[in-house]
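Listed below, chain by chain, are the residues.
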Amino acid sequence: MDEELWAVIEPLLPVKPAGTPGPAQMDSRRVLQGILFVLITGIGWEDPQELGFGSGMTCWRRLRDWQAAGAFEQIHQAVLARAHAARMIDFDRVIVDGSHVRAKKGAPQQVRARSTGPKPVPSTTS
């Protein structure tokens, strides 16, 4: 991760308050690199320590804590804003994707039947 990107991300990550009991915190930049490495490659959470990113448990806990604090949403917005300001986003190639939108269950029966078609007929193979 280059210095310019880290300068955008670092202020958005929560910091453990000084004087908090426990061991000194692993460098956030290295932990973030460990988190990204695990998520991109799919390796197990045990492996980042061997690569110098801190223990897998440290990476996992920071991922959990940063996600709960909304840090990744803030990072996403900040990076998008910078990319937009630099005219790096080609809106002619943007597509709306609703695959991450929660689907509500429990539509009325007549709506479900109409929108999904007839119910499948069970197979009568013997």
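The structure presented is a predicted model; accordingly, all values stated were derived computationally and were not measured.

A.B. asks: I'm lost on the packing of aromatic side chains in this one. Help?
C.D. replies: For any pair of aromatic rings, geometry is given as the distance between the ring centres together with the angle between the planes. One pass over the structure, following the stated rule, counts two aromatic pairs. An angle of 40 degrees between the planes, with centres 5.9 Å apart, marks the rings of F37 and F53 as tilted. Here F37, found in helix α2 (residues 28-41), pairs with F53, found in the loop between α2 and α3 (56-68); they are 16 residues apart in sequence, far enough to count as distant. Judged by relative accessible area, which is 33%, F37 ranks as partly exposed.

A.B. asks: Can you walk me through the pattern of salt bridges in this structure?
C.D. replies: Side-chain pairs of opposite charge can arise whenever the charged atoms involved come near each other. In total, this model carries three salt bridges according to the counting rule given. The partner of R82 in a salt bridge is E4, with the nearest N and O atoms 3.1 Å apart. Here R82, found in helix α4 (residues 71-85), pairs with E4, found in helix α1 (residues 3-9); they are 78 residues apart in sequence, far enough to count as distant. Taking the relative accessible area as the measure of exposure, R82 reaches 42% and is therefore partly exposed. Measuring nitrogen to oxygen at the nearest pair gives 3.0 Å for the salt bridge that ties D65 to R64.

A.B. asks: So what exactly am I meant to see when it comes to unusual backbone geometry here?
C.D. replies: Working note: non-glycine residues mostly have negative phi, and peptide bonds are mostly trans. Unlike most non-glycine residues, R87 shows phi in positive territory, near 55 degrees. The topology assignment puts R87 in the loop between α4 and α5 (109-116).

A.B. asks: For this particular structure, what's the right way to read the nonpolar core?
C.D. replies: As a rule of thumb, soluble globular proteins bury nonpolar side chains together. Residues W6, I9, L13, V31, L32, I35, C59, L63, W66, A71 and I75 constitute the largest nonpolar core, which totals 11 residues. Looking at this core, the elements with two or more residues in it are α1, α2, α3 and α4.

A.B. asks: Would you mind going over the side chain of R62 with me for this structure?
C.D. replies: For R62, the position within the fold is in helix α3. No salt bridge is formed by the buried R62, whose closest oppositely charged neighbour, D65, lies at an N-O distance of 6.4 Å.

A.B. asks: In this structure, what is going on with α3? I would like to understand it.
C.D. replies: Owing to its 3.6 residues per turn, the α-helix aligns residues three or four sequence positions apart on the same side. Here α3 is 13 residues long and its end C-alpha atoms lie 18 Å apart, about the 18 Å a rise of 1.5 Å per residue gives. Looking only at α3, the buried set comprises G56, C59, R62, L63 and W66. Buried positions in α3, seen along its axis, are confined to an arc of 130 degrees and lie on one side of it. Buried-residue contacts for α3 involve α2 and α4. G70 occupies a position one or two residues after α3 and carries a positive phi of about 80 degrees.

Reading the values: the criteria
- Numbers given for residues are sequential positions, taken from 1 along each chain in its written order.
- In view of the model being predicted, local features appear only for residues whose pLDDT reaches at least 70, and side-chain atom pairs are presented and counted only at 80 or more, with totals across whole chains, interfaces and linings using the full set of residues.
- For the side-chain quantities, the full set of heavy atoms in the structure was used; hydrogens and water were omitted.
- Classification of ring pairs uses Phe, Tyr and Trp, with its six-membered ring standing for Trp, and accepts pairs whose centres are within 6.5 Å; under 30 degrees between planes counts as stacked, over 60 as edge-to-face, and the remaining range as tilted.
- Numbered from the N terminus, helices here are DSSP runs of H or I no shorter than four residues, and strands are runs of E no shorter than two.
- The cut-offs for exposure are 20% and 50% of the maximum accessible area for each residue type, with area from a 1.4 Å probe on protein chains only; residues under the lower value are buried, those over the upper are exposed, and the others partly exposed.
- Salt bridges are identified by distance alone: a Lys or Arg side-chain nitrogen within 4 Å of an Asp or Glu carboxyl oxygen.
- Residues enter a nonpolar core if they are buried and are Ala, Val, Leu, Ile, Met, Phe, Trp, Tyr or Cys, with the set joined through side-chain atoms within 4.5 Å.
- When charges are counted, neither His nor the chain ends are considered; positive counts come from Lys and Arg and negative counts from Asp and Glu.
- Expected span of a helix: the number of residues minus one, times 1.5 Å.
- Directions pointing from the helix axis toward each C-beta atom define the arc.
- It only takes one pair of heavy atoms within 4.5 Å for two residues to be counted as in contact.

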